[in-house]
Amino acid sequence: MAALQRPKWAYFGGGVRPYGDAMLHVSSEAVVRGLNVFEGIKGYWQPDGTFALLELERHYARLLRSARLLHIPVSETSADYQEACFGLMGALLEPANDMWVRTTLFVTEGHWGEGTVSDLVLTAYQQPKNPPTPVHVGTSTWQRAADLTLPARIKTSTNYQVARLARIEGRARGCQEMVLLNQWGRVAEFTGCALLMVRDGAMISPPPYEGALESITVDIVRELCVSMGIPFERRPIERTELLIADELAMCGTLVEVQRALSVDGQPLPDQAPITTAIAQRYQDAVRGVDPHPAVHMTTLHVAAQNRGVGSLDAAVTPGGLAALHLA
Ligand code: PMP
């Protein structure tokens, strides 16, 4: 696995600031209770030389839903959120790479739900432009928490502790990703992305009530399937179905649509025509090669107030700045 990048800039306290200065106090609820909610967003260079973020509005809406479930007040509007993304991207973008942004609301003040204050923190990482390559996956002995214990619907870091255990388990078994089963022994999803399975020509994904996050990418894939005449179903999936699936794939903002070659060491069929077609259609849509009405891209502009700020200007590479269409 690639080492975590250490970019030059991060966004926190309402502005783009040096990455190394992004700190949380040891007594904050963000640290003591792991209290935060987050979204991972991807941005892609487009054929006309602009850079665009995928499904910004829907990520903001899900961030609000997660915050609401954890009683975290959010002061940032959708426009603030967009400006924060644009500000940091403007500082870090390189023409050679796409970008992944982690947008997190950390609870910096408050105690047991009283006086809760959060800070919007963004960190962004360079992403290669090439589409993902197929992986080997397995089924974890660790389990997805139930809605009454730690709801999967809340995108919060604590939900990823069991994911971390499952990935450690998976590495020892030669698997790059692991399926988490739910309390009923059926498929919830992968540790860090949704699950797509093809059987008898239909694309199937487990619904949120089985312990899956409400995935934006799955919603897009459903629309792509509809427009391509591929039946799409959301229904519970049993573990044995994974082993006899015609095709299996990971699906999410970061992994896009990434095919699995084997489950628990058992090879899947050599050909995966439906996954391959959907993965290609997804790539074409997000990269602006063949836009799709279900795929919403927001074109980046560098906020006027950020231009001319000495440190930020210095961070924008001449090549990168030239490639941006400044609003
Ligand atoms: N499940 C989990 C546990 C995830 O972390 C993600 C990535 N956000 C997903 C599913 C996929 O969600 P999305 O398609 O909205 O990125």
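Everything in this summary refers to the structure shown in the same document. Please read these numbers as outputs of a predicted model, since none were measured by experiment.

## Topic: a nonpolar patch on the surface
- Judged by side-chain polarity, Leu 24, Val 26, Val 31 and Val 32 come together as a nonpolar surface patch covering roughly 340 Å² of accessible area.
- By secondary structure assignment, the location of Val 31 is in helix α1 (residues 29-32).
- Residue classification places Val 31 among the partly exposed positions, given a relative accessible area of 42%.

## Quick look at the site of the ligand
- Near the ligand, the surroundings consist of 14 residues, among which Arg 62, Tyr 160, Ser 215, Thr 217 and Thr 253 are the closest.
- Within the side chain of Arg 62, an N or O atom sits 2.7 Å from an oxygen atom of the ligand.
- Here an oxygen atom of the ligand and a side-chain polar atom of Thr 217 are 2.5 Å apart.
- A total of 380 Å² of accessible area belongs to the ligand in isolation, and the protein chains cover 94% of it.
- Residue composition of the shell around the ligand, by class: five nonpolar, six polar and three charged.

## Description of the pairing of strand β6 (residues 114-127)
- Judged by how many residues are buried, β6 sits mostly within the fold: 10 of 14 residues are covered.
- Bridge count for strand β5 (residues 98-111) against β6 is 12 bridges, and the pairing is antiparallel. Pairing of Leu 105 across the sheet is with Leu 120, part of β6.
- Between the end of β5 and the start of β6, which pair antiparallel, lie two residues, with Trp 112 showing a positive phi angle near 50°.

## Structural notes on the pattern of salt bridges
- Overall, the coordinates contain 21 salt bridges when judged by the stated rule.
- One salt bridge in this structure joins Arg 173 and Glu 169, with 3.3 Å as the shortest N-O distance.
- The class for Arg 173 is partly exposed, based on a relative accessible area of 40%.
- On the accessibility criterion, Glu 169 (17% relative accessible area) is buried.
- For Glu 241, the salt bridge is made with Arg 199, and the minimal N-O distance between the two is 2.8 Å.

## Describing the packing of aromatic side chains
- Tallied over the entire structure, the rule returns four aromatic pairs.
- Plain terms: the ring middles of Tyr 60 and Tyr 81 are 5.2 Å apart, the flat faces sit at 45° to each other, and that makes the pair tilted. Residue Tyr 60 is located in helix α2 (residues 56-69), and its partner Tyr 81 is located in helix α3 (residues 78-92); the two are separated by 21 residues in the primary sequence. As far as burial versus exposure is concerned, Tyr 60 and Tyr 81 are alike and both buried.
- In this arrangement the basic side chain of Arg 33 is found over the ring face of Trp 112, its NZ or CZ atom lying 3.7 Å from the centre.
- Here Arg 102 stacks its cationic end above the ring of Phe 38, 4.0 Å away from the centre of that ring.

## Points about the environment of Gly 192
- Tracing the chain through its elements places Gly 192 in the loop between β9 (187-190) and β10 (194-199).
- Residues Gly 192 and Met 250, 58 residues apart in the sequence, show an inter-C-alpha distance of 9.0 Å.
- What Gly 192 contacts, discounting residues up to four positions off in sequence, is Arg 167 and Glu 177.

## A look at the packing of helix α5 (residues 216-228) against helix α7 (residues 273-286)
- For the pair α5 and α7, the least separation of the axes is 10 Å and the interaxial angle reads 110°. Looking at the two axes, α5 sits roughly perpendicular to α7. Note on element contacts: α7 touches α5 through Ala 277, Ile 278, Arg 281 and Tyr 282, opposite Thr 217, Ile 220, Val 221, Leu 224, Cys 225 and Met 228.
- Its residues assigned to classes, the contact of α5 with α7 shows eight nonpolar, one polar and one charged.

## Concerning the side chain of Glu 76
- Within the secondary structure layout, Glu 76 lies in the loop between α2 and α3.
- Despite its burial, Glu 76 pairs with no opposite charge; the closest candidate is Arg 17, at 11 Å N-O.
- In contact with Glu 76, not counting residues within four places along its chain, are Tyr 60, Leu 105 and Leu 120.

## Focus: the packing of α2 against α3
- Running from N to C, α2 and α3 point in directions that differ by 120°, and their axes come no closer than 10 Å. Between α2 and α3 lies a crossing whose hand is right-handed. Contacts between α2 and α3 involve Leu 56, Glu 57, His 59, Tyr 60 and Leu 63 from the first element and Ser 78, Tyr 81, Gln 82 and Cys 85 from the second.
- When the residues that make up the contact of α2 with α3 are grouped by side-chain class, the tally is five nonpolar, three polar and one charged.

Calculation notes
Residues numbered from 1 in each chain as written. Predicted model: local features only at pLDDT ≥ 70, side-chain atom pairs only at ≥ 80, totals over all residues. Heavy atoms only, no water. Patch = residues over 30% accessible without salt bridge, like charges linked within 9 Å, V, L, I, M, F, W, Y side chains within 5 Å. Areas by Shrake-Rupley, 256 points an atom, 1.4 Å probe, with all protein chains shown as cover. Salt bridge = Lys/Arg side-chain N within 4 Å of Asp/Glu carboxyl O. Helix = DSSP H or I, 4+ residues; strand = E, 2+ residues; numbered from the N terminus. Buried < 20%, exposed > 50% of the residue type's maximum accessible area, 1.4 Å probe, protein only. Near = heavy atom within 4 Å. Polar contact = N/O pair within 3.5 Å; in protein donor to acceptor, adjacent residues only side chain to side chain. Nonpolar A, V, L, I, M, F, W, Y, C, P; charged D, E, K, R; others polar. Pairing = 2+ DSSP bridges. Phe/Tyr/Trp six-rings, centres within 6.5 Å; stacked < 30°, edge-to-face > 60°. Lys NZ or Arg CZ within 6 Å of the ring centre and 35° of its normal. Contact = heavy atoms within 4.5 Å. Axes fitted to C-alpha atoms, helices over the stretch in contact; angles between N-to-C directions. Parallel < 35°, antiparallel > 145°, perpendicular 65-115°, else oblique. Lys, Arg positive; Asp, Glu negative; His and termini not counted. Left-handed = near helix turned anticlockwise from the far one by under 90°.

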